[in-house]
Amino acid sequence: MPLSKVLPYIENENYERLSPEVITKAKKSLLDFLASAYAGYQCKSSDIAFQSADWLGGKEHCSIMGTEKTVSPFAATFINATLASCMDIDDGHREPVGHPGCMVIPPVLAAGELSKNSTGKDFITAIVTGYEVGIRCGIVMNSNHGQLFYGSGGWALFGSASGLAKMKSLTGKTLENALTIGEVYGPTAQCGKSIAAGSMTKESVGWGAVTAFMGVSLAEHGFTGPDNILIDKHLYNCDIEKTFETLGEKYEIRNTYFKQYPACKWAHSPITAVLQIMEESNPDLKEIDEIIIETFQKATTLNHIKPETTEAAQYSIPFLVATALYYGAVEPSHISEKHLKNDSIYNLAKKIRMIPVEDMEKEFPSKRPARVKIKMKNKSVFTKEVKLIKGDPENPLSWDDLINKFHLCSKNFIDYTHREEIVKKIINLERITNLKELTSLLK
């Protein structure tokens, strides 16, 4: 059934149908993607990803964020997707439990650069198209996440393919195969394995995006896939038809969140809770006896006490909470590898104990709740419970918030005047008549 809704939606979606709210959210998503990509330069994995330009060869026409270098569309997709995801400060959606932007935007951006006449409106429409299809596929694929948990590279691949197909104006059987090839070629993206190891593979974002681009390219040359997507119905625990029946009417991009901290979303409520406690009560860190974090079961797996890599730090609630207590903030620089050897943070992290509790479990995945109790040596206790945070769709980041995030993440790479010019282009993206007006600035 999915393709009977998805294919006509992709073919018929257009800018004029989009509400001002959806258009604005797409532009905010682009700015957030760029902020995340610049932040990614602090990760060792981004340096390694750059070497893929030599392996994913081809004509060098596509940009990499933050550098003058141009590479093949496959290399640009892989590198930009890796940049945007490796610091874990990119956007997400709670229901599919993952990240659409780092998967959808890189291939669409590459296709826009290859085209001689792609406009800002085309770009916005393709981003929205990719988000809408990808998020719904993720809702289906992770509907049984307790048994089988797909990372973003596994489900948002369909968003990558859909946005790219829209940018290329694919129709008919070519469009169908552009999506269904991914049903077979797509990575399973079992990110639990990456979380356990603190590894650079994370959610298979870079490879998932490249796989989608490859599927679209193969389809354009007549390569065929199966007759549908989401074929493994026995693995899912939802009404697939109901999930897709609102496609083109209810826009799920409106329900994405933006992150304040470079960390797995499951860590954001504990971080927010301790920062609120610090602001309200300012407990003496030397007098802390124990910190108890009550949360949902999956979050308790993020328990690396002493992470040795940036990736492991992003998935370590004890380290991140201790970092928030020590610095009064959690910024990308705080989890770069040169900051991971701080004994004061390690000593705080050792005092943290995480406990899964039933009332928090019932809230997941619609929320990412946590209850923090800081117990002092004098027996006093500071408690804070957080279910929703700044950046969630119920409490969204404003333009000013996202602009500040962009400046924070990119200030070490481009000067202020240049950054402001990028922001202005994105705010007025629908006025751009050639996408190169934007990509020429992203050097």
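Criteria and cut-off values
- Residues numbered from 1 in each chain as written.
- Predicted model: local features only at pLDDT ≥ 70, side-chain atom pairs only at ≥ 80, totals over all residues.
- Heavy atoms only, no water.
- Helix = DSSP H or I, 4+ residues; strand = E, 2+ residues; numbered from the N terminus.
- Contact = heavy atoms within 4.5 Å.
- Patch = residues over 30% accessible without salt bridge, like charges linked within 9 Å, V, L, I, M, F, W, Y side chains within 5 Å.
- Areas by Shrake-Rupley, 256 points an atom, 1.4 Å probe, with all protein chains shown as cover.
- Salt bridge = Lys/Arg side-chain N within 4 Å of Asp/Glu carboxyl O.
- Buried < 20%, exposed > 50% of the residue type's maximum accessible area, 1.4 Å probe, protein only.
- Pairing = 2+ DSSP bridges.
- Polar contact = N/O pair within 3.5 Å; in protein donor to acceptor, adjacent residues only side chain to side chain.
- Phe/Tyr/Trp six-rings, centres within 6.5 Å; stacked < 30°, edge-to-face > 60°.
- Lys NZ or Arg CZ within 6 Å of the ring centre and 35° of its normal.
- Expected span 1.5 Å × (residues − 1).
- Lys, Arg positive; Asp, Glu negative; His and termini not counted.
- Charge placed at Lys NZ, Arg CZ, Asp CG, Glu CD.
- Disulfide = S-S within 2.5 Å.
- Axes fitted to C-alpha atoms, helices over the stretch in contact; angles between N-to-C directions.
- Parallel < 35°, antiparallel > 145°, perpendicular 65-115°, else oblique.
- Nonpolar A, V, L, I, M, F, W, Y, C, P; charged D, E, K, R; others polar.

(A) View of the environment of methionine 65. Position of methionine 65 among the secondary structure elements: in the loop between β1 (62-63) and β2 (70-71). When the C-alpha atoms of methionine 65 and phenylalanine 406 are compared, they prove to be 13 Å apart, with 341 residues separating the residues in sequence. Here methionine 65 is in contact with Phe33, Leu34, Ala37, Tyr38, Tyr41, Asn80, Leu83, Leu109 and Leu442, once residues within four sequence places are set aside.

(B) Quick look at a nonpolar patch on the surface. Taken together, the side chains of Val184, Tyr185 and Phe223 define a hydrophobic patch exposed on the protein surface, amounting to about 300 Å² of accessible area. On the accessibility criterion, phenylalanine 223 (36% relative accessible area) is partly exposed.

(C) A look at the pattern of salt bridges. A full pass over the atoms with the stated rule returns 27 salt bridges. The partner of lysine 425 in a salt bridge is glutamate 437, with the nearest N and O atoms 3.5 Å apart. A residue pair is termed long-range when its members are at least 10 positions apart, and lysine 425 in helix α20 (residues 416-427) and glutamate 437 in helix α21 (residues 436-439) qualify at twelve residues. Its relative accessible area of 29% is what places glutamate 437 among the partly exposed residues. Here the salt bridges do not stand alone but share partners, grouping Glu294, Asp359, Glu363, Lys367, Arg371, Lys373, Glu385 and Lys387 into one network.

(D) Here's a closer look at the pairing of strand β6 (residues 381-386). The pairing of strand β5 (residues 370-376) with β6 spans six bridges and is antiparallel. Bridge assignment links arginine 371 to a residue of β6, and that residue is glutamate 385.

(E) The arrangement of the side chain of threonine 243 in detail. Inspection of the secondary structure puts threonine 243 in helix α13 (residues 240-244). A distance of 3.0 Å separates a polar side-chain atom of threonine 243 from the backbone oxygen of aspartate 239. Discounting chain neighbours no more than four positions away, the residues touching threonine 243 are Arg136, Ile139, Val140 and Cys238.

(F) Focus on the packing of aromatic side chains. The tally for this structure, following the rule as stated, stands at twelve aromatic pairs. Taking 5.9 Å as the distance between ring centres and 85 degrees as the angle between the ring planes, the aromatic pair formed by tryptophan 266 and phenylalanine 364 counts as edge-to-face. Of this pair, tryptophan 266 sits in the loop between α13 and α14 (268-281) while phenylalanine 364 sits in the loop between α18 (358-361) and β5; the two residues are 98 residues apart in sequence, bridging distant segments of the chain. For phenylalanine 364, a relative accessible area of 8% corresponds to the buried category. Three or more aromatic residues joined by ring pairs make a cluster, and in this case those are Tyr38, Tyr41, Phe50, Phe406 and Phe413. Lying over the aromatic face of tyrosine 257, lysine 265 brings its terminal NZ or CZ to 4.3 Å of the ring centre. In this structure, lysine 306 packs its charged tip against the face of tyrosine 346, placed 4.5 Å from the ring centre.

(G) Seen up close, helix α19 (residues 399-410). Over its twelve residues, α19 extends 16 Å from the first C-alpha to the last, a length consistent with the 16 Å expected when each residue adds 1.5 Å. Turning to α19, its buried residues are Leu402, Ile403, Lys405, Phe406, His407, Cys409 and Ser410. In the core, the buried residues of α19 are packed alongside α2 (20-39) and α20.

(H) Spotlight on a negative patch on the surface. On the surface, Asp239, Glu241, Glu245 and Glu249 cluster together into a patch of negative charge. In this fold, glutamate 249 is placed in the loop between α13 and α14.

(I) Layout of the side chain of glutamate 13. Following the sequence through the fold, glutamate 13 ends up in the loop between α1 (2-12) and α2. Assessed through its relative accessible area of 2%, glutamate 13 is described here as buried. A distance of 2.8 Å separates polar atoms of two side chains, one belonging to glutamate 13 and the other to tyrosine 9.

(J) Spotlight on the environment of lysine 44. By the element assignment, lysine 44 lies in helix α3 (residues 44-50). Lysine 44 sits in the partly exposed class, given a relative accessible area of 45%. For the pair lysine 44 and serine 336, spaced 292 residues apart in sequence, the C-alpha separation works out to 9.0 Å. Among all residues touching lysine 44, those that are not within four sequence positions of it are Met200 and Glu337.

(K) Geometry of the environment of phenylalanine 123. Positionally, phenylalanine 123 belongs in helix α7 (residues 120-141). We classify phenylalanine 123 as buried; its relative accessible area is 0%. For phenylalanine 123 and leucine 175, which are 52 residues apart along the polypeptide, the C-alpha to C-alpha distance reads 18 Å.

(L) Representation of the state of the cysteines within the structure. Scanning the model with the defined rule gives zero disulfides in all. Of all cysteine sulfurs in the structure, the one in cysteine 102 sits closest to cysteine 62, which takes part in no disulfide; the separation is 18 Å. For cysteine 62, a relative accessible area of 0% translates into the label buried.

(M) Structural context of the pairing of β5. Across the seven residues that make up β5, a large majority, five, are buried. Linking β5 back to β6 in an antiparallel pair, the connection comprises four residues, with lysine 379 at a positive phi of about 80 degrees.

(N) View of the sheet that holds β6. Taken in spatial order, the four strands of this open sheet run β4-β3-β5-β6, and their pairing is mixed. Across the chains shown, the open sheet's two edge strands, defined by having one partner strand only, are β4 (352-356) and β6. Taken pair by pair, the neighbouring strands of this sheet meet at an average axis angle of 15 degrees, ignoring direction. The pairing of strand β3 (residues 288-295) with β5 spans seven bridges and is antiparallel. Counterpart to threonine 295 in the pairing with β5 is alanine 370. Relative to β6, α14 is tilted by about 135 degrees, and along the sheet it contacts β3, β5 and β6. The sheet contacts of helix α16 (residues 317-327) involve β3, β4 and β5, and relative to β4 the element is tilted by about 130 degrees.

(O) Geometry of the packing of α2 against α7. As a packed pair, α2 and α7 sit with axes 10 Å apart at the nearest point and diverge in direction by 90 degrees. Taken together, the axis directions place α2 and α7 in an arrangement best described as roughly perpendicular. Packed against α2, whose contacting residues are Val22, Ile23, Ala26, Lys27, Ser29 and Leu30, the element α7 presents Phe123, Ile124, Ile127, Val128 and Tyr131 at the interface. Of the residues that constitute the contact of α2 with α7, the class distribution is nine nonpolar, one polar and one charged.

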